[in-house]
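Residue-level structural notes
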Amino acid sequence: MSSENSKIQEKSPSESHAEVIVRMFPSDANPAGNVFGGEILKHIDMVAGIVAQRHSQSNAVTVSMDSVNFLKPVFVGNVLTLNARINYVHNSSMEIEVKAEAEDIVTGIRTVTGTAFVTFVALNKNGKPMTVPKLALKTDDDRLKFEEAKIRMDIRLKNRQK
Ligand SMILES: CC(C)(COP(=O)(O)OP(=O)(O)OC[C@H]1O[C@@H](n2cnc3c(N)ncnc32)[C@H](O)[C@@H]1OP(=O)(O)O)[C@@H](O)C(=O)NCCC(=O)NCCS
């Protein structure tokens with residue numbers, strides 16, 4: 001395991017937090033006319049990738065997406081806000097939590113429509129996993145999320161198909 005980022009000892013979750021806002025267009029719809037789940041997954045993966053790359057300051061690839069919940073439909077015309085934060089790091093792996101919120105721009109009503117956990121692995125210039133900075137846990141929420149994520153990561157690795 002290489003450690004190109006060894007100069008940066010640790011970073012807090014707030015340093016890599018990301019928010020992406022996108023408007024849903026008719027071209028994002030499924031045949032029933034609401035937004036296609038795969039389109040939302042693309043944005044979840046993208047915003048989580050921004051967080052992973054901000055934290056690791058390297059290339060980072062998706063290795064797992066789990067607990068993806070589509071809680072409510074997203075409609076064409078909605079403004080979708082995707083919030084992502086890092087919960088946990090091990091050596092090269094990072095768990096990113098994403099929350100998607102749809103806004104009806106006319107009424108101003110915002111609804112949480114989806115949640116997911118995405119695991120990224122940081123890669124060095126040779127495409128090999130590399131050590132990322134540790135997480136500086138600054139708040140009670142950071143500490144709680146870290147402990148919960150560690151449990152999820154252990155389960156994820158147990159269930160991993162090689
Ligand atoms: C990332 C990749 C190089 C890792 O290869 P690997 O042989 O699994 O490497 P390792 O077993 O050494 O694992 C490296 C890290 O990945 C983690 N990891 C690998 N698969 C994982 C999974 N499904 N879930 C969670 N973590 C995983 C390991 O736990 C390890 O983490 P650590 O360094 O923090 O301990 C390889 O899985 C890969 O290239 N995957 C394709 C990624 C990609 O292209 N994604 C884009 C979409 S196709």
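Look up a bit, the structure's there.
The rules behind the values
Numbering of residues begins from 1 in every chain and follows the order in which that chain's sequence is written. Where totals are concerned, whole chains, interfaces and linings use all residues; where local detail is concerned, this predicted model gives features only for residues with pLDDT of at least 70, and gives and counts side-chain atom pairs only at 80 or more. Water and hydrogen atoms play no part in the side-chain values, which are based on all heavy atoms of the structure. Grid spacing is 1 Å over the protein atoms alone, the probe is 1.4 Å, and a cavity is where that probe fits but cannot get out, while a pocket is an open set with protein on both sides within 12 Å along at least five of seven lines and lining residues have an atom within 4 Å of a point. Grid points are joined across faces, edges and corners, and a volume is the space filled by probe spheres set on the points. Helix numbers and strand numbers start at the N terminus; a helix is a DSSP run of H or I with at least 4 residues, a strand a run of E with at least 2. Amino acid classes used here: Ala, Val, Leu, Ile, Met, Phe, Trp, Tyr, Cys and Pro are nonpolar; Asp, Glu, Lys and Arg are charged; the rest, including Gly, are polar. What makes a residue near a molecule or strand is one non-hydrogen atom of that residue sitting within 4 Å of it. Pairing of N or O atoms within 3.5 Å defines a polar contact, subject to two protein rules: one partner must be a possible hydrogen donor and the other a possible acceptor, and residues neighboring in sequence count only if both atoms are side-chain atoms. Computed with a 1.4 Å probe, the accessible areas rest on the Shrake-Rupley method; for each residue, only the protein chains presented here act as cover. Between any two strands, at least two bridges found by DSSP are needed for them to pair. As a rule, the C-alpha atoms of each element are fitted with a line to give its axis, helices using only the stretch in contact, and angles between N-to-C directions run from 0 to 180 degrees. Throughout, a contact is declared for two residues whenever any of their heavy atoms are within 4.5 Å. For our purposes a nonpolar core is just a set of buried Ala, Val, Leu, Ile, Met, Phe, Trp, Tyr and Cys residues, chained together by side-chain atoms within 4.5 Å. Exposure is judged per residue with a 1.4 Å probe applied to protein chains only, and the accessible area is read against the type maximum: over 50% gives exposed, under 20% gives buried, and values in between give partly exposed. Expected helix span is computed as 1.5 Å times (number of residues minus one).

As for the layout of surface pockets
- Within this model, the largest pocket holds a volume of roughly 340 Å³.
- Taken together, 15 residues make up the lining of the largest pocket; nearest its centre are Val63, Ser93, Met153, Leu157 and Arg160.
- Ranked by residue count, the leading element in the lining of the largest pocket is helix α2 (residues 140–159), at four residues.
- Here the residues of the lining of the largest pocket are counted per class, giving six nonpolar, six polar and three charged.

A word on the site of the ligand
- Not every one of the 17 residues close to the ligand is listed here, only the nearest: Thr62, His90, Asn91, Ser92 and Ser93.
- For the ligand, a nitrogen atom lies 3.1 Å from a polar atom in the side chain of arginine 160.
- Here the ligand loses 58% of its free accessible area of 940 Å² to cover by the protein chains.
- Elements with a minimum of two residues in the shell around the ligand: β3 (59–70), β6 (110–123) and α2.
- Broken down by element, the shell around the ligand gets its largest block of residues, four residues, from β3.
- In terms of residue class, the shell around the ligand is made up of seven nonpolar, seven polar and three charged.

Focus on the sheet that holds β6
- Taken in spatial order, the five strands make up an open sheet running β2-β4-β5-β6-β3, and their pairing is antiparallel. Only two strands of the sheet have a single neighbouring strand rather than two, namely β2 (18–23) and β3. In this sheet, adjacent strand axes meet at a mean angle of 25° when their direction is disregarded.
- Strand direction decides the pairing type here: strand β4 (residues 79–89) and strand β5 (residues 93–103), joined by 10 bridges, are antiparallel. Each bridged residue has a counterpart across the sheet, and for valine 89 the counterpart in β5 is methionine 94.
- Running over the sheet, helix α1 (residues 37–56) touches β2, β3, β4, β5 and β6 and is turned about 135° from β3.
- Along the sheet face, α2 touches β3, β4, β5 and β6 and points at about 80° away from the line of β4.

Some remarks on the nonpolar core
- Core analysis: the biggest nonpolar cluster contains 34 residues, and Leu80, Leu82, Met94, Ile96, Val98 and Phe120 have the highest contact counts within it.
- Excluding residues within four positions of it along the chain, phenylalanine 120 makes contact with Asp45, Ala48, Gly49, Ala52, Ala60, Val61, Thr62, Val63, Ser92, Ser93, Met94 and Ile96.

Some thoughts on α1
- A rise of 1.5 Å per residue sets the reference length of α1, with its 20 residues, at 28 Å; its end C-alpha atoms lie 28 Å apart and thus fit the reference within 8%.
- Inspection of α1 places Glu39, Ile40, His43, Ile44, Val47, Ala48, Gly49, Val51, Ala52, His55 and Ser56 among the buried residues, and these make up the whole buried set.
- Downstream of α1 by one or two residues, glutamine 57 has phi in the positive range, about 50°.

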